[in-house]
Amino acid sequence: MNIVASLALLQLFLSAAATVSGNFSTETVQSAAPGDVVLLQCYTGGNLTPVWTTWMKDSHVIASDGELHVDSSAKDPRLTLELNGSLSISKVTSEDTGSFLCSSRLPDNRTINAHVLLQVTSGPYNVTTVIYPTVVLPNRTLVTEEGKSVSFKCSTRPSPSQQLNLTFSGASNNNTSLTFTPLPILEYTIENIQPSNQGVYTCSAVNTVSNRMVNNSTELLVYYIPSRRPDCMSMKAQNSSSVQLNCSWFGAYPTPQLRWGKDGDFQVTDSLVVSLNSSTLKDRQTLTCTARHELLKNGKERSCSVTLSLPFPAGEPMVSVLEGTNVTLSCREFTAVPAANTVWRKGQSQEPIVPGSKYVLSVEGPDLKLTIVNISMYDEVYYFCRSENALGVRELEVFLTVKASSSAYTGAVIGVFIAALITGCAFIVAKILYSRRHTICLGGGFMQAEDRGDVVDLVESDDEQIFQDAVPRLPPLTNGHHTTLVQIHRIPSSDDHEVIVETHPEPPEQKDEPIEEKTEESREEVEELVSF
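Residues numbered from 1 in each chain as written. Predicted model: local features only at pLDDT ≥ 70, side-chain atom pairs only at ≥ 80, totals over all residues. Heavy atoms only, no water.

1. A few points about the overall build of the chain
- Helices and strands together make up the secondary structure of the chain, namely four helices and 35 strands.
- Within the chain, residue pairs in contact and separated by at least 24 positions form 60% of the contacts whose partners lie at least 6 positions apart. (Helix = DSSP H or I, 4+ residues; strand = E, 2+ residues; numbered from the N terminus. Contact = heavy atoms within 4.5 Å.)

2. Examining the sheet that holds strand β4 (residues 60-64)
- The five strands lie next to each other as β1-β8-β7-β3-β4, forming an open sheet whose pairing is mixed. A single partner strand is all that each edge strand has here, and the edge strands are β1 (26-32) and β4. On average, each strand axis in the sheet is tilted by 25 degrees relative to the strand beside it, whichever way the strands run.
- Sheet topology places β1 next to strand β8 (residues 111-120); seven bridges connect them, and they run parallel. Each residue of the ladder has a partner; that of A32, found in β8, is V120. (Pairing = 2+ DSSP bridges. Axes fitted to C-alpha atoms, helices over the stretch in contact; angles between N-to-C directions.)

3. Considering the sheet that holds strand β19 (residues 242-248)
- Taken in spatial order, the three strands line up as β18-β19-β22 in an open sheet, and their pairing is antiparallel. The open sheet is flanked by β18 (231-235) and β22 (271-277), the only strands paired with a single partner. Pairwise comparison of adjacent strand axes, ignoring direction, gives a mean angle of 20 degrees for this sheet.
- Relative to β22, β19 runs antiparallel, the two being bridged by seven bridges. The residue bridging L245 from the neighbouring strand is V274, located in β22.

4. Brief notes about the side chain of T181
- Positionally, T181 belongs in strand β14 (residues 176-181).
- The buried category is assigned to T181, whose relative accessible area is 13%.
- A polar atom in the side chain of T181 sits 3.2 Å from the backbone nitrogen of L183.
- With near-sequence residues (within four places) excluded, T181 lies in contact with Q163, L164 and L186. (Buried < 20%, exposed > 50% of the residue type's maximum accessible area, 1.4 Å probe, protein only. Polar contact = N/O pair within 3.5 Å; in protein donor to acceptor, adjacent residues only side chain to side chain.)

Here is the structure:
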């Protein structure tokens, strides 16, 4: 009889549950992982203790403190009914997944119905991360080189409701998502990796049902070195007895190792300064700094060098200036290594020059200039441009010549005198040439007018006839020149008698004609013609 009553009550409960199954007071979804302890709540409206509570799953009463009894087949020692009507399940398994129905009677005779969906999911499990090509350091940190292509691969055991994520956390950003996938394997590639890509990469697997997450983080370092060589330079020391050398190689990661010379140990630094005693140094000596880095193989170290050099001041050794004016002496020195200290000094005793109204010092690049104001005869001394570094001292000697103001016109006077002399000589020569123009035109030359033996024929005729046959030929003179025949014509159209003189070179005399017979006769005829 009791069994029949129990079945009837169960049937009524199932019918009521079926009636209100679509309108429960509460509906919740609860997730758990295998092995967890789950608490399913039936009444959440207050602190009232229900009169009775019954839990069912798959149409079986699994827990009850009321009139319904738990089926013997559904009894489970892992299930516990709490005083507030909640159902506790310890060490849940995937078989516990399903819908749970709850009905509670409160002291005020209200009935509370609840529907709880329990999801028991496994995973995610261990996540593995592979980054290549890389080198593993002793502390398990990975190292790659700038400019390479780096690939990432995350994987986990397949599981439902699971997602893989890859995030990056660097110096300038934090937890930046790179990519994700619902697949059990995730792949990602960075082309031409840069120092900004250095940081921590985290591969995480998330169960989307239970929100359980498993992470695997790996630190990746990006090594790089600058393309340039180290920089070597010399610096001015506080005293001239030592030389300071600086070797720097910035922009390398990790910090490089530097060393001056061939002996000694390398030091981990990007800037190495050494001080050397000048007594151990000499002119034209070369000092080398060597840089070593993890990315450089043995024998491939990079280096720079410094060649020491004595100073060499250059400038004009002699300067002339007029009294009462200003003058600037210039000295240039840029070859000294290390840089030299250059000063101007005055006189054989090399007295230091104090800048003031008389002396003005200025620097223009490598030039050190000394301006002397209002030059006087007392300034006519030697000036020394003195350059000194740790290797030695060298000087440029400049002698200043001061000229009196009256001597300023000497050059002008000499120039005027020379110009006048040249002009006078040209005038005299022109006058002589003009006075001897007829002689020169007749072909006798400049100084040979008196040496010519000419015959002058004076002819008066209205018919412009030349009577050449009647004029005897003169014998050649003793100087060896030929005679010249001169013919004179009278032009009848003019009132004044105009005489035209023509000259003809006398042909060489004929040897068969005797010269003695006609000498007296020729002279008389010539005299007659000249008188006419």
